[in-house]
Amino acid sequence: ILNVEQSPQSLHVQEGDSTNFTCSFPSSNFYALHWYRWETAKSPEALFVMTLNGDEKKKGRISATLNTKEGYSYLYIKGSQPEDSATYLCACSDMKTSYDKVIFGPGTSLSVIP
Amino acid sequence: DAGVIQSPRHEVTEMGQEVTLRCKPISGHNSLFWYRQTMMRGLELLIYFNNNVPIDDSGMPEDRFSAKMPNASFSTLKIQPSEPRDSAVYFCASSLTGAGSPLHFGNGTRLTVT
């Protein structure tokens, strides 16, 4: 069973602070790692999909890195704004279970205090 | 592009009744996923299809749950008979090429079984 873990479970930061969260997954047979942003009363929206070790992606103030050898990914938010408040989900698939079986972690809930 | 369309948005039914949830994926997407969101378990993958073929239904909780994808533009998730513990938000998502591309989520169906 593919187990995806995220930490911390929740986070409160002041506006302007930079922050980061972690996604951990089994390193063997890795295929793809996804990050999603999920605002209350909406649906998850994709931020990044990464497949290669050492991959780095950036979208505005948000960036992500991937280490497939040790089984983790970091999501960074630079200069947090109140509109960044959301739950951030990571999801993973591996080649052993099934390439396209996308399993989600429990999420990190971010609150940005004005 | 209208995105992934789910119906109904809300469904309230009595225990024992049959419930059918519907999903229209984004045109051209080859993979379709059904997830269930609960407080206890987060986003659980129930089943996914590639090119209309069910690939992995190991997440379907019981025989009361079934899913079909008769063509590339339509999928259903059926619960028969429904039970109160089935109450949750059910999301459909589609992607262009499975786990290698981002999942696009519908707005979800909030199911309440009384």
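Please read these numbers as outputs of a predicted model, since none were measured by experiment.

Describing the packing of aromatic side chains
The description of two aromatic rings rests on the distance between their centres and on the angle between their planes.
Thought 1: What the rule picks out here adds up to 13 aromatic pairs over all chains.
Thought 2: Ring centres of A:Tyr74 and A:Tyr76 lie 6.0 Å apart, and the angle between their planes is 70 degrees; this geometry places the pair in the edge-to-face category.
Thought 3: With a relative accessible area of 32%, A:Tyr76 lands in the partly exposed category.
Thought 4: Between B:Phe33 and B:Tyr35 the ring centres are 6.2 Å apart and the planes differ by 20 degrees, which places this aromatic pair in the stacked class. Each member of the pair B:Phe33 and B:Tyr35 is classed as buried.
Thought 5: Aromatic ring contacts, followed pair by pair, group A:Tyr36, A:Trp38, A:Phe104, B:Phe33, B:Tyr35, B:Tyr48, B:Phe91 and B:Phe105 into a single cluster.

A few points about the interface of chain B and chain A
Thought 1: Of the residues lining the interface, 21 residues belong to chain B; the matching set on chain A comes to 18 residues.
Thought 2: Here chain B meets chain A over a buried area of about 1,500 Å², counting both sides, of which 62% is carbon and sulfur.
Thought 3: Sorting the residues of chain B by area buried against chain A places B:Leu43, B:Ala99 and B:Phe105 first, and these three jointly supply 34% of that buried surface.
Thought 4: Applying the counting rule to chain B against chain A returns one salt bridge.
Thought 5: Across the pair A:Lys101 and B:Asp56 runs a salt bridge whose closest N-O atoms are separated by 3.1 Å.
Thought 6: The interface formed by chain B and chain A contains eight residue pairs in polar contact (both at pLDDT 80 or more).
Thought 7: Ranked by residue count, the leading element in the side of chain B that touches chain A is strand β5 (residues 42-50) of chain B, at four residues.
Thought 8: The class makeup of the residues in the side of chain B that touches chain A is 11 nonpolar, nine polar and one charged.

A short note on the state of the cysteines
Thought 1: With the rule as written, the count across this model stands at two disulfides over all chains.
Thought 2: Paired through a disulfide, A:Cys23 and A:Cys90 show a sulfur-sulfur distance of 1.9 Å. The disulfide joining A:Cys23 to A:Cys90 has a torsion of about 70 degrees about its S-S bond and is therefore right-handed. In this pair, A:Cys23 sits in strand β3 (residues 19-24) while A:Cys90 sits in strand β9 (residues 86-94), placing the two residues 67 residues apart along the sequence.
Thought 3: Here A:Cys90 falls in the buried class, since its relative accessible area comes to 0%.
Thought 4: The side chain of B:Cys23 participates in a disulfide bridge whose partner is B:Cys92; the two sulfur atoms lie 1.9 Å from each other. Where B:Cys23 bonds to B:Cys92 through sulfur, the torsion about that S-S bond is close to -65 degrees, and the disulfide is left-handed.

Reading the values: the criteria
- Here the residue index of a chain counts from 1 through its sequence in written order.
- Whichever chain is written first is A, and whichever ligand is written first is 1; the rest continue in order.
- Where totals are concerned, whole chains, interfaces and linings use all residues; where local detail is concerned, this predicted model gives features only for residues with pLDDT of at least 70, and gives and counts side-chain atom pairs only at 80 or more.
- Neither water nor hydrogens contribute to the side-chain values; these are computed over all heavy atoms in the structure.
- Note on aromatic contacts: the rings of Phe and Tyr and the six-membered ring of Trp form a pair at centre separations within 6.5 Å, being stacked when their planes are under 30 degrees apart, edge-to-face when over 60 apart, and tilted otherwise.
- Partly exposed residues are those whose accessible area sits between 20% and 50% of the maximum for their type, while under 20% is buried and over 50% is exposed, using a 1.4 Å probe and protein chains only.
- The criterion used for residue contact is that any of the two residues' heavy atoms lie within 4.5 Å.
- Using a 1.4 Å probe, buried area is obtained as the accessible area two parts lose upon being combined, added over both of them.
- For salt bridges, the criterion is a side-chain nitrogen of Lys or Arg within 4 Å of an Asp or Glu carboxyl oxygen.
- Think of a polar contact as two N or O atoms within 3.5 Å of one another; within protein, one of them needs to be a possible hydrogen donor and the other a possible acceptor, and neighboring residues in sequence only count if both atoms come from side chains.
- In this description a helix means any DSSP run of H or I spanning at least four residues, a strand means any run of E spanning at least two, and both kinds are numbered starting from the N terminus.
- For this classification, the nonpolar set comprises Ala, Val, Leu, Ile, Met, Phe, Trp, Tyr, Cys and Pro, the charged set comprises Asp, Glu, Lys and Arg, and every other residue, Gly included, is treated as polar.
- Two cysteine sulfurs form a disulfide in these notes if their separation is within 2.5 Å.

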